[in-house]
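Commentary on secondary and tertiary structure
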Amino acid sequence: MPPSVPRIPSLSTASVKNRCFHAATNGYHHQEPVPVPAYNYATLLQRSAATADPRLAASLHGALLKPGLLSSDLFLCNHLLIAYFKSRLHRRGLRLLDEMPRRNAVSWSVAIAGLTQGDQPREALALFRRMRLSGCPPNEFALASALNASSFLGATGTGRARQLYGLAVRLGFESNIFLMNAFLAAMVRHGHLADAAQLFDDACARDIVSWNTLLAGFARHWCEQGWILWRRMVREAVGADGFSFSSVLSGLAARASLTSGLQVHAQLVKSGFGDDVYVGNSLVEMYMKSKFLDDGTRAFTEIRCKDVVSWTEMAAGCLHCGEPAKAVGIFSHMMLDGVMPNSYTFATAANVCANLTDLNEGRKVHGYVIKLGDDSDVGVNNALIDMYAKCGSANCAYKVFQSMQRRPVISWTAMIMGFAQNGLAREAVEVFDNMLLKGMAPNYVTLICVLYACSQGGFVDEGWIYFNAMEDKFGVQPGEDHYACMVDLLGKAGRIEEAEELISRMPFRPGVLVWQALLGACHLHGNEAAGRRAAEHALATERDDPSTYMLMSNMLAARHNWDSAGRVRGLMGDTEIMKLPGSSWFQSTPDRNQACIR
């Protein structure tokens, strides 16, 4: 038999393209490069854009320069632009755009869209203006990208969006649903929901993107119109998709509206979107925010492919439902399942440890944060500060605070409150003073915390300085919490009359917190007459609050007025007012301020 002839391996299309590309860029040893057809370059550029490979894009650019294709082929230039912007090589893309001998609407549109998607909205709009000045009429894609860019601007974004949509109408795109949706998204992102709803109602055509855009806006700034829009979708038989269900469930979760949520769940089962992980996550959130732990757990178990959001939402739900110990178990199962935690997971885990006042578990969470490189996340660090402070380790909280490269106002506030809660009032006030020296303006909550610190430390003079500077210097109108802190500060210092005078000068009706603060001070200093007045006002404001009865009873008992104290306690029994059992968030954990993660 004749010897078998070896078969020549067939060349796949990919291998031919790779060899052509190699030939175009490097040549075969000392031979002349084999010319590569333009369509092969186009295919390779498409691959570069699809994979967002910056090295491939740059190599192809060099290969195209040799045969001079870029100077003659606008089609290839546009594909190279796409590859550059998809690879986030914005400077090279803009340089290429400037060097192109010819540009069309596609060239400009690609660059504008690339800058918008690359988080450079101002540069995108500047390029759109250049496009118009060059005399090239914008197409629908350039207009849509510019509208998208305007939605990410600040206060001027709304006006820019209106101007752009007006231009689109003048250019004959008034019936273009693609542009209408882009303008609708801009209005929603800027919070102009009434204008967005009017635009939606006036539109001659709508698609599912239109419905979802408005629905997501209502869900983000949840109001009753979101539920009305959803019922309208059902009534008009609009084919809701997973995004629709996820949006409406998130909105209902924010309102803790279980009755409406159950209706959506029933529609969800009929529509067949139960396997969608995003819908499942929103369903868990809705049940947990309504404090239905069993239903939320059942929804969680029915999610087939759980992601990090699923696990974190479940743990946060357990915490919200008053079961922090179960949340710890959720995190353990998540790690065993091989799911990588994100910053929201770490923040939730720290909140769980703070709720349990479990310093050892809190240290473990901090260790994971450092190990996985999330120790620069501001939200995680704020949660760690709060955790360490509530576990009684103010020293560790301060070390986390000092390690932060960027400290927004919430970080300063957390540190001030952390010191104050641990009896370190002077340190809390010093942090506040350093905050002012750094040029950081305190907000409403920060001023509550520093006044609370002054109250804890008995710093009457500092308290008056901060309180009087609130409106004039910091632009914050004093609220009931601020007045309650000042009344508590003055009362603890024995200045009962001064505290009563401050209450009489309040620009609004004092709430129960203010009167209870005064009542507590009267109990401390044995001022029965002022205490009775404070108790009468507190009960007139909120009769069913057990704290008022307990404060009054304790004050009378301290004065050995046992009969009156007994009558006050009897009133609690007659009106079925129950005193909540006391608890402390301090535990006997050894060496609280010693062993923290460094």
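All of the points below concern the structure found in this document. Just so it is clear, the model here is predicted, and its values are computed rather than measured. (Residues numbered from 1 in each chain as written. Predicted model: local features only at pLDDT ≥ 70, side-chain atom pairs only at ≥ 80, totals over all residues. Heavy atoms only, no water.)

1. A look at the overall build of the protein chain
Heads up, the rule is: Each helix is a run of DSSP H or I of at least 4 residues and each strand a run of E of at least 2, with the numbering of both proceeding from the N terminus. Relative accessibility thresholds used throughout: buried, under 20% of the residue-type maximum; exposed, over 50%; partly exposed, between the two (1.4 Å probe, protein chains only). Contact criterion: two residues are considered in contact whenever any of their non-hydrogen atoms come within 4.5 Å of each other. For every accessible area listed, the method is Shrake-Rupley and the probe measures 1.4 Å; residues are considered covered only by the protein chains on display.
Along its length, the protein chain carries 33 helices and zero strands. In the protein chain, which comprises 598 residues, the proportion classed as buried is 48%. Sequence-distant contacts in the protein chain: of pairs separated by 6 or more residues, those separated by 24 or more amount to 62%. By element, 53% of the accessible surface of the protein chain is carried by carbon and sulfur atoms, the whole surface being about 30,400 Å².

2. Side note on helix α4 (residues 74–86)
Note the following rule: One fewer than the residue count of a helix, multiplied by 1.5 Å, yields its expected span.
Between its first and last C-alpha atoms α4 spans 18 Å; for 13 residues at 1.5 Å apiece the expected length is 18 Å, and the two agree. Summarising burial for α4: ten of the 13 residues are buried, a large majority. One or two residues past the end of α4 sits Arg88, with phi positive at roughly 60 degrees.

3. Quick notes on the packing of helix α20 (residues 343–356) against helix α22 (residues 378–390)
Rules: Each axis is a line fitted through C-alpha atoms, taken for helices only over the stretch in contact, and angles between the N-to-C directions span 0 to 180 degrees. Here the word oblique covers every angle except those under 35 degrees (roughly parallel), over 145 (roughly antiparallel) and from 65 to 115 (roughly perpendicular). For this scheme, ten residues count as nonpolar: Ala, Val, Leu, Ile, Met, Phe, Trp, Tyr, Cys and Pro. Four count as charged, namely Asp, Glu, Lys and Arg, and the remainder, Gly too, count as polar.
Relative orientation of the contacting elements α20 and α22 amounts to 10 degrees, with a least axis distance of 8 Å. Our classification of the angle between α20 and α22 gives roughly parallel. On the side of α20, the interface is formed by Ser343, Phe346, Ala347, Ala350, Asn351, Cys353 and Ala354, while α22 contributes Gly379, Val380, Ala383, Leu384, Asp386, Met387 and Lys390. Residues of the contact of α20 with α22, tallied by class, amount to nine nonpolar, three polar and two charged.

4. As for the environment of Glu430
With respect to the helices and strands, Glu430 occurs in helix α25 (residues 425–437). Judged by its relative accessible area of 43%, Glu430 is partly exposed. In this structure, the C-alpha to C-alpha distance between Glu430 and Val450, residues 20 residues apart in sequence, is 9.7 Å.

5. Brief notes about unusual backbone geometry
Here the phi dihedral of Ala237 falls at roughly 55 degrees; this positive angle occurs in a residue that is not glycine. Take Ala237: it is sitting in the loop between α13 (224–235) and α14 (242–255). Ala237 gets classed as exposed once you look at its relative accessible area, which sits at 64%. The backbone of Lys291 sits at a positive phi, close to 65 degrees, despite the residue not being glycine. On the secondary structure map, Lys291 appears in the loop between α16 (277–289) and α17 (293–301).

6. Some words on the packing of α16 against helix α18 (residues 308–320)
Put simply, α16 and α18 touch, their axes get as near as 9 Å, and they point 5 degrees apart. In terms of their interaxial angle, α16 and α18 are classed as roughly parallel. Along its contact with α16, which presents Val277, Asn281, Val284, Glu285, Met288 and Lys289, the element α18 presents Val309, Ser310, Glu313, Met314, Gly317, Cys318 and His320. Taken together, the residues of the contact of α16 with α18 break down into six nonpolar, four polar and three charged.

7. A look at the packing of aromatic side chains
Which entries qualify depends on this criterion: Between rings of Phe, Tyr and Trp, where Trp is taken as its six-membered ring, a pair exists when centres lie within 6.5 Å; planes separated by under 30 degrees are stacked, by over 60 edge-to-face, and by other angles tilted. Only when the NZ atom of a Lys or the CZ atom of an Arg is both within 6 Å of the ring centre and within 35 degrees of the ring normal do we say a charge sits over the ring.
Applying the stated criterion across every chain yields a total of 14 aromatic pairs. With a centroid separation of 5.2 Å and 65 degrees between ring planes, the pair formed by Trp230 and Phe245 is classed as edge-to-face. Taken together, the positions of Trp230 in helix α13 and Phe245 in helix α14 put the pair 15 residues apart, joining distant regions of the chain. The two residues Trp230 and Phe245 agree in class, both being buried. For the pair Phe432 and Tyr466, a centre-to-centre distance of 4.9 Å together with 70 degrees between the ring planes defines the contact as edge-to-face. Of the two residues, Phe432 is situated in helix α25 and Tyr466 in helix α27 (residues 460–473); the sequence distance between them amounts to 34 residues. An identical accessibility class is assigned to Phe432 and Tyr466; each is buried. Among the aromatic residues, those joined into a ring-pair cluster are Tyr398, Phe401, Trp412 and Phe419. Here the guanidinium or amino end of Arg206 rests over the ring plane of Phe200, the centre of that ring lying 4.7 Å away.

That's the geometry; what it means functionally is another story.
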